[in-house]
Structure formats: structure tokens, C-alpha cells
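As a plain string of letters, each chain reads:
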Amino acid sequence: MLVDSHCHLNFPELSNNMDAIRAAMQSHGVGYALCISVNMREYPQVLEVACAHDNFYATVGVHPDYENEPPLTVEQLVTEASHPKVVGIGETGLDYFRLTGDLEWQRTRFRTHIRAAIEAGKPLIIHTRAAADDTLRIMREEGAHRVGGVMHCFTESLEVAQQAIEMGFYISFSGIVTFKNAASLKEVAKQVPLDRILVETDSPYLAPVPFRGKTNQPAYVKYVAEEVAQLRNIDAETLALATTDNFFRLFKHAKPCNS
Ligand SMILES: [Zn+2]
Ligand SMILES: [Zn+2]
């Protein structure tokens, strides 16, 4: 049984097809999905999706690509994070690829999320793009090791992965690891310790091969997992067991359905 550790099921491409999405998960052996918040306006929809289904969980946070959002406070995040379906804080982090100019507001908001995660005792979902050094520096300065979390949709070097792992973080691979031109990322996927790997879709984006360019969905995390297993020369079942174990170890507030 696999877990999709990162998807956006409240986005209309997916939320309008929930029955088909859930049926596909079942037929692909995907038992659980973590629904990720990108801003506070849409967060109630994320929570609603998670609350409607036992095997879905939610996070609360504001994605670094959303610039013009109302000010966000630690208290606000901590309050929302007290909901039993909310198992993590994010997605948060830094993105110097999509946005340029003075991004001090992004770094400030990232710190707010880390402080909230520590106060709430729930792990972080971190997005980092073209900003690895600042991301690791701020994680270190704010003591992110106290809660840990996941470096989602990982595309950085093994060295960056190792520094995050030392801070108690997990490395999550997305459909990008299935792309032909992702040679260096495939190498990282071979090296990261098995007990620190998660898999995700980031759906509706980033559909893995053989669906590249199409709308992604949680069922397709199977193809990500198969690629990672193949790269590591282990069977898909071993990888599925390990990543599912890892997920429930990290997100300890996520209750498996049979417990
Ligand atoms: Zn992201
Ligand atoms: Zn995302």
C-alpha cells in the first residue's frame, strides 16, 4: 500500500472527479493521500476534502509562490493546526525561480511557518526551488530539526538531501524522477537512505512517465514508486512498505484507517 505524500486534491481538475480519483487510487494500491494547502483562502477546501474521507489528511500553510496574501501569523497557523485532520504545516519554503526581486517577505513567511510547526508539534512540508542555501540556512537558524518534515518534490543535490536528513527531514520524490532528462536526480534517489524516502505526485502537476504532460492524480504515485524501486534495485513492494512506514512515522498525527 502506497501513500501519496503531497497532492492538491482541492484543485478543480481533481475535486470535480473525486469518485474516479478514489477508484483509481484503490486499483493502483494507493491507500492514503496528504492534501496540501497553498493559501489560507483555499485551506478550508483542503480541510473539507480531508474530512470527507478517512484516508485523506490535510496540511495548513501558504505556498511561497503566493505573493499578495494577507499577513500570516504563528498564532493563526497554530490554531488551524490544532484540527485533528491537520497533520503538518505547509507547504512553505522558498522559490527564487518563479519569483524574483526582494524576496525578504518569502523568508519571513517561511520563518513564521517553522515557528508555528515547532509550537504545534507538527512537521513541515518544505518547497525549495533555486534557493537551497537559504532554505537550509533558515531551517538551521529556526531550529527546524525540532519538528522535522519533508523536502517535497525534491530536485536538489545529494549534498542538500544529506543536510536536510541530518535535520530530521525526509526526501520526497515526485514524477520528475521518472523523466529521461533527470539523470542527477535519479542518482540522488539511489543514494538517499531507504528509511528517509517518501513518494508523491504533487498532482495535478508533474504527471510521471507514461502520463507526462497530462493531469496528474494520486494513483500515479505508483509509477514514481516503481521508478525509485527500480533505480535502487529493490522490489516495488519493499519500497511501498518502507515509504508508507516512513510517512506514518513522520506524520504521527495521521491515523491509519484500521487503527
Ligand atoms: Zn511545491
Ligand atoms: Zn505542492
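What counts as what
- Chains are numbered independently. Their residues run from 1 in the order of the written sequence.
- Whichever chain is written first becomes A and whichever ligand is written first becomes 1, with later ones labelled in order.
- Since the coordinates come from a predicted model, pLDDT governs what is reported: local features require at least 70, and pairs of side-chain atoms require 80 or more to be given and counted, while whole-chain, interface and lining totals use all residues.
- To obtain the side-chain values, all non-hydrogen atoms of the structure were included, while hydrogens and water were left out.
- Helix and strand assignments follow DSSP, with helices taken as H or I runs no shorter than four residues and strands as E runs no shorter than two, numbered in order from the N terminus.
- In this treatment the radius of gyration is a C-alpha quantity, and the globule benchmark scales as 2.2 Å times the residue count to the 0.38 power.
- His residues and chain termini do not enter the charge count, which takes Lys and Arg as positive and Asp and Glu as negative.
- Where a charge lies is defined by one atom per residue type: Lys uses NZ, Arg uses CZ, Asp uses CG and Glu uses CD.
- Coordinating N, O and S atoms are those within 2.8 Å of the metal (3.2 Å for Na, K and Ca), and as water is not part of the atoms, a site may appear to have fewer donors than expected.
- Each label reflects the angles at the metal, where four donors whose angles all fall between 85 and 135 degrees are tetrahedral, four or six donors whose opposite pairs open beyond 155 degrees and whose other angles stay between 65 and 115 are square planar or octahedral respectively, and the rest are irregular.
- Between buried and exposed lies partly exposed: a residue is buried under 20% and exposed over 50% of the maximum accessible area for its type, with that area taken using a 1.4 Å probe on protein chains only.
- Residue contacts follow a heavy-atom distance rule, with two residues in contact if any of their heavy atoms lie within 4.5 Å.
- Among buried residues, those of type Ala, Val, Leu, Ile, Met, Phe, Trp, Tyr and Cys that are joined through side-chain atoms within 4.5 Å constitute a nonpolar core.
- Strand pairing is assigned whenever DSSP identifies at least 2 bridges connecting the two strands.
- The convention used is that axes are lines fitted to C-alpha atoms, helices contributing only their stretch in contact, and that angles between N-to-C directions extend from 0 to 180 degrees.
- A carboxyl oxygen of Asp or Glu within 4 Å of a side-chain nitrogen of Lys or Arg is what we treat as a salt bridge.
- Any N or O atom pair separated by 3.5 Å or less is treated as a polar contact, with the protein-specific requirement of one donor-capable and one acceptor-capable atom, and with residues adjacent in sequence counted only for side-chain atom pairs.

Moving on: the overall build of the chain. Assigned secondary structure in the chain consists of ten helices and eight strands. For the chain, whose C-alpha radius of gyration is 17 Å, the value lies close to the compact-globule estimate of 18 Å for 259 residues. For the C-alpha atoms alone, the extent of the chain along its principal axes is close to 45 × 40 × 35 Å. For the chain, the centre of its 24 positive side-chain charges and the centre of its 32 negative side-chain charges are spaced 2 Å apart.

Our focus in this paragraph is the coordination of the zinc ion (ligand 2). Within the protein, the atoms that donate to the zinc ion (ligand 2) are His6 (NE2), His8 (NE2), Glu91 (OE) and Asp202 (OD), at distances of 2.1 to 2.5 Å. Each of the four donor atoms around the zinc ion (ligand 2) contributes to a set of angles spanning 84 to 175°, which defines the coordination as irregular. When the donors of the zinc ion (ligand 2) are listed by position in the chain, the intervening gaps give H-x1-H-x82-E-x110-D. Here the zinc ion (ligand 1) and the zinc ion (ligand 2) are spaced 3.5 Å from one another, each receiving a donor from glutamate 91. Histidine 6 sits in the buried class, given a relative accessible area of 0%.

Take the coordination of the zinc ion (ligand 1) next. Ligation of the zinc ion (ligand 1) by protein atoms is provided by Glu91 (OE), His127 (ND1) and His152 (NE2), these donors lying 2.0 to 2.1 Å from the ion. All donors of the zinc ion (ligand 1) belong to a single chain; written as a sequence motif, their spacing is E-x35-H-x24-H. Under the relative-accessibility criterion, histidine 152 is labelled buried at 3%.

Among the secondary structure elements, proline 218 is positioned in the loop between strand E8 (197-199) and helix H9 (221-232). Judged by relative accessible area, proline 218 falls into the buried class, the value being 0%. Spatially, the C-alpha atoms of proline 218 and arginine 232 are 22 Å apart, while their sequence positions differ by 14 residues. When sequence neighbours within four positions are dropped, the list of residues in contact with proline 218 reads Asp4, Cys7, Leu9, Ile21, Met25, Val30, Thr201 and Ser203.

The biggest cluster of nonpolar side chains holds 70 residues, and the ones touching the most others in it are Leu9, Phe56, Leu124, Met139, Phe169, Ile171 and Phe173. Here this core gets six residues from one element, more than from any other, and that element is H9. Membership of the second largest hydrophobic core comes to 15 residues, among which are Val3, Val87, Phe247 and Phe248.

Picture the strands of a sheet paired through backbone hydrogen bonds; they go either parallel or antiparallel. Spatially, E1-E2-E3-E4-E5-E6-E7-E8 is the arrangement adopted by the eight strands of the open sheet, whose pairing is parallel. The open sheet is flanked by strand E1 (2-7) and E8, the only strands paired with a single partner. Between one strand and the next, the sheet's axes are offset by a mean angle of 30°, whatever the strand orientation. Bridge analysis of strand E2 (residues 30-35) against strand E3 (residues 56-60) gives three bridges, and the strand direction is parallel. By the bridge assignment for E3, alanine 33 is matched with phenylalanine 56. The strands touched by helix H2 (residues 18-27) are E2 and E3; relative to E2, the strand with the most contacts, the crossing angle is about 130°.

The next point concerns the pattern of salt bridges. Evaluated as defined, the whole model comprises twelve salt bridges. For the salt bridge of arginine 115 with glutamate 142, the shortest nitrogen-to-oxygen distance reads 2.8 Å. Placement of the pair is arginine 115 in helix H5 (residues 104-120) and glutamate 142 in helix H6 (residues 132-142), with a sequence separation of 27 residues. The buried category is assigned to glutamate 142, whose relative accessible area is 13%.

What follows concerns the pairing of E3. With five of its five residues buried, E3 lies for the most part within the structure. Burial of the side chains of E3 extends over both faces: Phe56, Ala58 and Val60 are buried on one face and Tyr57 and Thr59 on the other. Where E3 and strand E4 (residues 86-95) come together, three bridges link them in parallel fashion. What sits directly across from valine 60, in E4, is isoleucine 89.

A word on the side chain of arginine 107. Mapped onto the fold, arginine 107 is located in helix H5. A polar atom in the side chain of arginine 107 sits 3.0 Å from the side chain of glutamate 104. Residues contacting arginine 107, with those up to four places away along its chain left out, are Leu94, Tyr96, Asp102, Asp134, Arg137 and Ile138.

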